[in-house]
Amino acid sequence: MILSVLAQLVRTVFSPFTQWLVGNIPADWLGSVPVFTIIAFGVIALAVGQRTNPLPVSAIGLLLTGLETVLIDNDVYGSSFGGLFARSHFADLFIWIILVVGFLVLLSSTTFYGDRATFHSLLLISIGGTMWTVMATDLVALFLAWELMSMPTYVLAALGPSRAAVDGAVKYFVMGLLATVLMLFGIALLYGLTGTTDIAAIGAALQSYFSSPTLELSAVATSLLAMVLFVIAFGFKIGAFPGWMWVPDTYSSADGSLAAFLAGGTKKAGVGALMRIMIVGFIVVRLQWMPLIVLVSILTMLIGNILALRQQNIMRMLAYSSIAMMGYLFIGLAVGTQFGAAAAMFHAFVHALMKTSAFILVWALTVRLRRQVTYDELVGLSSRAPFASGLLAVLMLSLAGMPPTAGLLSKIFLFGSAIEVGMWWLALIGTLNSVLSLGYYLRVLRVCYMAPPEDAERLRLARGPLVAATLGVIGVLVLFINPSIVLDYANIAASQLFG
Amino acid sequence: MIVPVELAAWLVFVVPLVGAVLTPVFARIGGTVRDAMAVLVGFATAFLALDLTASMVLHPEAQDYVLLTWLVAGPYRLDFGVFVDPLSVLLAVIAGGIGSLIILFSIGYMTGRDAEGNLVKDPSLTRYYFFMQLFVGGMILLVMADNLLMTFIGWEVVGMCSYALIGFWHNVTAPSPVADYRTEGEYNAVCGMKAFMVTRVGDIGLLAGILILFMITGTFNYVELQSLAGNASWAAGLGVTLSQLLPVAALLIFAGPIGKSAQFPLHVWLPEAMAGPTTVSALIHAAAMVKAGVYLVARLVPVFIDMTVNVVGVTVFFQTVAWIGAFTAFMAATMALVQDEIKKVLAYSTISQLGYMFTALGAAGLVAESVTAYSAGTFHLLAHAIFKALLFLAAGSVLHAVESKSMRDMGGLWSNMKITAATFTIGALALAGVFPTIGFWSKEMIFDALLEGGQFWLFVLAFVTAILTAFYTFRMVFMTFFGKRSAHVEELEAHGHHIHEAPWSMRIPLIVLATLALGGGLFELVFFGAFSPIGESLIHPFEWSSIHLFAMGPLTLLTVGIWVVGITPAYLIYHRGKGDFSSLRDGPLGRFLKNRWYVNTLYNRVFVGGYLWLSRGLHRRVESALLAFSRTTQEGLDSVSRGWRRTMTGVLNTNVLAMMAGIALFLLVILFL
């Protein structure tokens, strides 16, 4: 409601610009114009960044991309490149997640060794790739976009402040390659089976296979193998079981802004792509993938929460918590209903806000203290940096799913969607996991607020990260008061997906 | 009139609420600014309330103004609206008008003298004015709200403010008046908590009742409730369970007023509420808080009256209200007989007078002439607000001068503080129901309604209570202002501390209120004469023209008899000093009354003692087991986490292997599920 009014306003104000765009750009490209824009600005940032800080260029590029995303109405100019990429409400929801995360990350970007140009350029290109990933309706296009998204992040991960970053980056890279190979294998299997790479066409083809009276066992086996491969390949990027092991190593050793981007942005692209493939492509074998996703969901939750319990390093703790969070998200996918999908998207949005902000905040602290932040560093934070401590407290409450934050609602929606279809045991497991997660979230609050500081010196954090985290916290609070801002949009997106 | 009704109806509670929020801001500028703004806000509120009344007189109509829709859920919607009708306006005038006078009075009252005799303001006045304005705002929100839920919000605001204000002097270091606590401050804080906790017991019932009523009717809105109540087909479609739940809901809702308006069995908090500043007591007793309960019952009585026609069993609500009211009136009056503190006497008299109101309101549903009973109840509400505010403020003036709470430390103050004494006596006359004060008219109406309606036993109880009231009221007057000076006063005078009249900021409210109390009988004419057209626009279209106004008759004689029988012994015993009643005072009856019928002790034994007993038992038997369980869980999870962490070597080979193993696992799952 509010969003559509705002969008209408923006469209009215900028209508000449829209006219110009529509008049000068081939209609087949229009849907991808925002992606072009951000990649172009990535190149410009590389050039500008040789001399100065390219932050203004990147920021303008990102804002322009956002503007174009609003102006180019997805109902009218959705499809581009002959339908390889299509913008719908579903894709746009994830695009907005990525843009918001990208904006917060840019605001708080920290760079080392003077690699500003590289950082900005790669980040913007990766954002472009991420946007394409969630728009892709064709497996080959998806693969290309996936690589465009992933490649820059491999380099970015290595740009961290210490040697460990390179180590983390290598792990991420090798595992990423493995995932890519698995994905390619899955695509090849499906192509061999159906003769097409269009996801919707694959869905139709599978439908006909499975409804034909002569059910060929080899076709079934091939499609199921492909499905397993997809779950694992995308699950790798999402950080779900079984491809989750790189997450803590990479997140904790890389530049914190990048960790924020990986956790908030590319992870959601994996969610988007997986949801599209599962629901559009493999809806026929829903009964087969549902137990699989349930298994992934439960294992991912357990892994994240149990391993987070004993972590000392806050960045690692957050990494594990983001694994657990994806476990909750998979509940929404596992129930396989429209409400479940909408809840999962809402959760993706909320998680992007809170996890990005949390990483940014902890990273700002790490940079300020020049050492890894553990619980000991947080002792008495409330008196050393009251504002940052307050932000962290809200974020932790939100991650733990407590009022008055959107984290509570996203969990309620997810668990509610499970109960709606009778999977109350899954909701119960999720709830128990939430309880378990209190063990490490509340520990942060306890050391921040209840332990007296050993070092009474005031901590002044950099302004950029604080502003970014504040925006995230405001978002989390606003979405608690009025979740329908995002939830309505997610409902439309889910209905399109199931359409 | 001057301000449009729909605007004034909102502003009348928004102004004090905003004033409360801004109080700390003004306090930053300066203490004088803060005090002045509080008074200004008070008078702005009073003005708006009076303006609403004027509009009501000129254009009598009941109107529901909805500002915004709060939420819509399926067939249900929840609006934020105000309801303007004679009842809500009357309560708004009481809360706003008397509230403003009390705030003005506070300027003088909250100033004391330090050891050197310099005038000093109380250091936490910002808190004081914040809560006073919030109190008034919450009360007006409660009465103006057009639905039960908003009323409940105001209800809770009022409860919270009462807690904060009763315990206002929580850091006084003087020795405690009660042996159980170390300092007076601690005692005050406990009194605030007692008020909060006891009223909360009722609030739970109220909330449950509201929700059950919502479950039955699907609405919180008073207008919709009223239209449903008269709808026979709606009642017929309720089904057995829901229509049986309806009386339960009504009784649960009445639990709220029982707590808030200090009726038996939740009356125990009100005497302790005297621990706060006297101005707060005045506000609680006259303008806000205790009136909230009466208001809620008055608001819902028309609804339930209509329901009695269609739903069986709702009459039990009226019987409960009337009998609890009458019994409380009697019980509190007996307790007031033996009190030595002037404010305690007033506190018990409030409980007693509230009982009268509930008797009348309850009788409205029991008698054929429900209009008379209903209007008697509401009119007594107005009358009581006026004379009780007057009595409290005058008592505050006395306390301020004498620096003691006990009436045994007073006596013979008449010559020193004539205005206070005269106004106090007028208030006392009104409380005792002596012609021509406002109390006479309102009480006479209640008796009339009870007698005409054939509620003989209720009438007898009310009548006996009235005699007791006249006695203890004048006992208080004679002990305070007449007779011999007490040793305490002599000692004060000897130390050069002259008993002095109150300053003008305190005298003005007294005079205004005394005038109202004295000439308030005219209100009956105004209320039911000029107001009668709007009376018909009350939420329930009563035919107000059928009201039975005062007429000479045998009842008049009885009413006069009350004064004679009640005041004469008070005069003889406490003015003339005749008779020695110490044996009676110290006898079993005196002890019984002094210990407040042992109700307090019983509650303490059962609820406090029982709770502690239960908690000790639970701690020993159950909690230790739970603790062990939680410790084991924690340790178990911890060791799992620690052990698992060891496998997280970060070696790439392991990672890749795990991923491959994952593929195998998934394929197995697919195959076998």
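How each quantity is defined
- Residues numbered from 1 in each chain as written.
- Chains lettered and ligands numbered in written order.
- Predicted model: local features only at pLDDT ≥ 70, side-chain atom pairs only at ≥ 80, totals over all residues.
- Heavy atoms only, no water.
- Helix = DSSP H or I, 4+ residues; strand = E, 2+ residues; numbered from the N terminus.
- Buried < 20%, exposed > 50% of the residue type's maximum accessible area, 1.4 Å probe, protein only.
- Contact = heavy atoms within 4.5 Å.
- Areas by Shrake-Rupley, 256 points an atom, 1.4 Å probe, with all protein chains shown as cover.
- Buried area = accessible area lost by both parts, 1.4 Å probe.
- Salt bridge = Lys/Arg side-chain N within 4 Å of Asp/Glu carboxyl O.
- Polar contact = N/O pair within 3.5 Å; in protein donor to acceptor, adjacent residues only side chain to side chain.
- Nonpolar A, V, L, I, M, F, W, Y, C, P; charged D, E, K, R; others polar.
- Patch = residues over 30% accessible without salt bridge, like charges linked within 9 Å, V, L, I, M, F, W, Y side chains within 5 Å.
- Core = buried A, V, L, I, M, F, W, Y, C linked by side-chain atoms within 4.5 Å.
- Axes fitted to C-alpha atoms, helices over the stretch in contact; angles between N-to-C directions.
- Parallel < 35°, antiparallel > 145°, perpendicular 65-115°, else oblique.
- Left-handed = near helix turned anticlockwise from the far one by under 90°.
- Phe/Tyr/Trp six-rings, centres within 6.5 Å; stacked < 30°, edge-to-face > 60°.
- Expected span 1.5 Å × (residues − 1).
- pLDDT = per-residue confidence, 0-100.

### Notes on the overall build of chain A
And then number 1: Along chain A, the regular secondary structure elements total 22 helices and two strands.
And then number 2: Looking at chain A residue by residue over its 499 residues, the buried ones come to 62%.
And then number 3: Taking as baseline every contact in chain A between residues at least 6 positions apart, the subset at least 24 positions apart corresponds to 82%.
And then number 4: As displayed, chain A has an accessible area near 17,100 Å², and 69% of this comes from carbon and sulfur atoms.

### What to know about the overall build of chain B
And then number 1: For chain B, the helix and strand inventory stands at 27 helices and four strands.
And then number 2: When contacts within chain B are restricted to residue pairs at least 6 apart in sequence, long-range pairs at least 24 apart make up 79% of them.
And then number 3: Element-wise, carbon and sulfur atoms account for 68% of the exposed surface of chain B, whose accessible area totals about 27,000 Å².

### Some thoughts on the interface of chain B and chain A
And then number 1: Contacts between the two partners involve 24 residues from chain B and, on the opposite side, 34 residues from chain A.
And then number 2: Carbon and sulfur atoms make up 83% of the area that chain B and chain A hide from each other, which totals about 2,700 Å².
And then number 3: On the chain B side of the contact with chain A, B:Met659, B:Phe666 and B:Ile670 bury the most area, a combined 27% of that side's loss.
And then number 4: There are one salt bridge connecting chain B and chain A.
And then number 5: A:Arg310 is the partner of B:Asp638 in a salt bridge, and the nearest nitrogen-oxygen pair spans 2.7 Å.
And then number 6: Summed over the shared surface of chain B and chain A, the number is three residue pairs in polar contact (both at pLDDT 80 or more).
And then number 7: Broken down by secondary-structure element, the contributors of at least two residues to the side of chain B that touches chain A are helix 26 (599-647) and helix 27 (652-672) of chain B.
And then number 8: Of the residues forming the side of chain B that touches chain A, the biggest block, 14 residues, is contributed by helix 27 of chain B.
And then number 9: Partitioning the side of chain B that touches chain A into residue classes produces 16 nonpolar, five polar and three charged.

### A closer look at a nonpolar patch on the surface
Residue and element names in this part refer to chain A.
And then number 1: Where nonpolar side chains cluster on the molecular surface, the patch consists of Ile2, Leu3, Leu6, Leu9, Val13 and Phe14 and spans about 540 Å² of accessible area.
And then number 2: You can see Leu9 is positioned in helix 1 (residues 2-13).
And then number 3: According to the relative accessible area criterion, Leu9 is exposed, its value standing at 53%.

### Description of the nonpolar core
And then number 1: Core analysis: the biggest nonpolar cluster contains 217 residues, and B:Met144 and B:Trp269 have the highest contact counts within it.
And then number 2: The element that contributes the greatest number of residues to this core is helix 15 (residues 370-402) of chain B, accounting for 21 residues.
And then number 3: Residue contacts for B:Met144: discarding those within four places in its chain leaves B:Ala9, B:Val12, B:Phe13, B:Leu52, B:Gly81, B:Val82, B:Phe83, B:Val84, B:Ser88 and B:Ala92.
And then number 4: A:Leu224, A:Ala388, A:Val447 and B:Val669 belong to the second largest nonpolar core, which has 192 residues in total.

### Describing unusual backbone geometry
The phi angle of most residues is negative, glycine excepted, and most peptide bonds adopt the trans form.
And then number 1: Of the consecutive residues A:Phe241 and A:Pro242, the connecting peptide bond is found in the cis state with omega at 0°.
And then number 2: Relative to the helices and strands, A:Pro242 is located in the loop between helix 10 (217-238) and helix 11 (246-253).
And then number 3: Here B:Phe264 and B:Pro265 are connected by a cis peptide whose omega angle stands at 5°.
And then number 4: Positionally, B:Pro265 belongs in the loop between helix 9 (240-260) and helix 10 (269-272).
And then number 5: Residue A:Phe81 is not a glycine yet carries a positive backbone phi of 55°.
And then number 6: Exposure remark for A:Phe81: the relative accessible area of 26% places this residue in the partly exposed category.
And then number 7: We note that B:Ala262 has phi near 55°; this positive angle belongs to a residue other than glycine.
And then number 8: On the secondary structure map, B:Ala262 appears in the loop between helix 9 and helix 10.

### Description of the packing of helix 18 (residues 386-400) of chain A against helix 21 (residues 463-481) of chain A
All names here are of chain A.
And then number 1: Direction vectors running N to C along helix 18 and helix 21 enclose 40°, while the axes themselves pass 10 Å from each other. As the angle between them shows, helix 18 and helix 21 are arranged oblique. The crossing of helix 18 and helix 21 is left-handed. Side by side, helix 18 and helix 21 meet where Phe387, Ala388, Leu391, Val394, Leu395 and Ser398 of the first sit next to Leu466, Ala469, Thr470, Val473, Val476 and Leu477 of the second.

### Some points on the packing of helix 5 (residues 89-107) of chain A against helix 6 (residues 116-135) of chain A
All names here are of chain A.
And then number 1: Two elements in contact, helix 5 and helix 6, have axes whose closest approach is 8 Å; the angle formed by their N-to-C orientations is 165°. Here helix 5 is positioned roughly antiparallel relative to helix 6, judged by the angle of their axes. Crossing of helix 5 over helix 6 shows right-handed handedness. Listed contacts from helix 6 to Ala91, Phe94, Ile95, Ile98, Leu99, Gly102, Val105 and Leu106 of helix 5 are His120, Leu123, Leu124, Ile127, Thr130, Met131, Val134 and Met135.

### Quick notes on the packing of aromatic side chains
And then number 1: Tallied over the entire structure, the rule returns 46 aromatic pairs over all chains.
And then number 2: Here A:Tyr251 and A:Phe359 contribute two aromatic rings whose centre-to-centre distance is 5.6 Å and whose plane-to-plane angle is 85°, an arrangement assigned as edge-to-face. Of this pair, A:Tyr251 sits in helix 11 while A:Phe359 sits in helix 15 (residues 338-369); the two residues are 108 residues apart in sequence, bridging distant segments of the chain. Here A:Tyr251 and A:Phe359 have matching classes, each one buried.
And then number 3: With a centroid separation of 5.9 Å and 55° between ring planes, the pair formed by B:Phe447 and B:Phe463 is classed as tilted. Of this pair, B:Phe447 sits in helix 17 (residues 438-452) while B:Phe463 sits in helix 18 (residues 456-481), placing them 16 residues apart in sequence.

### Quick notes on the side chain of A:Thr250
Residue and element names in this part refer to chain A.
And then number 1: Turning to its location among the elements, Thr250 is positioned in helix 11.
And then number 2: Take Thr250: its relative accessible area is 1%, and that puts it in the buried class.
And then number 3: Sequence-distant contacts of Thr250, defined by excluding residues within four places in its chain, comprise Ala157, Gly168, Tyr172 and Leu262.

### Some points on helix 15 of chain B
In an α-helix, one turn spans 3.6 residues; hence positions three or four apart end up facing the same way.
Residues and elements named next belong to chain B.
And then number 1: In this model helix 15 runs 47 Å from its N-terminal to its C-terminal C-alpha over 33 residues, within 8% of the 48 Å that 1.5 Å per residue would give.
And then number 2: Of all 33 residues making up helix 15, 32 are buried, and the element is well covered by its neighbours.
And then number 3: Backbone geometry just after helix 15 places Glu403 at a positive phi near 60°.

### Description of the pattern of salt bridges
Residues and elements named next belong to chain A.
And then number 1: On inspection of all chains with the given rule, the structure shows 15 salt bridges over all chains.
And then number 2: Between Asp249 and Lys171 there is a salt bridge, and its shortest N-O distance comes to 3.0 Å. Of the two residues, Asp249 is situated in helix 11 and Lys171 in helix 8 (residues 163-194); the sequence distance between them amounts to 78 residues. Lys171 carries the same exposure label as Asp249, and that label is buried.
And then number 3: Within this structure, Asp167, Lys171, Asp249 and Arg316 form a network of salt bridges that share partners.

### Quick notes on the confidence of the model for chain B
And then number 1: The predicted model of chain B averages 81 in pLDDT, with 92% of residues at 70 or higher.
And then number 2: This stretch, residues 530-548 of chain B, has a pLDDT under 50; its non-local contacts, to residues over four places away or in other chains, come to 53 contacts.

### Here's the deal with the side chain of B:Ser442
Residues and elements named next belong to chain B.
And then number 1: In this fold, Ser442 is placed in helix 17.
And then number 2: Overall, the relative accessible area of 0% leaves Ser442 in the buried class.
And then number 3: A polar side-chain atom of Ser442 sits 3.2 Å from the main-chain carbonyl oxygen of Gly439.
And then number 4: When sequence neighbours within four positions are dropped, the list of residues in contact with Ser442 reads Phe379, His380 and Ala383.

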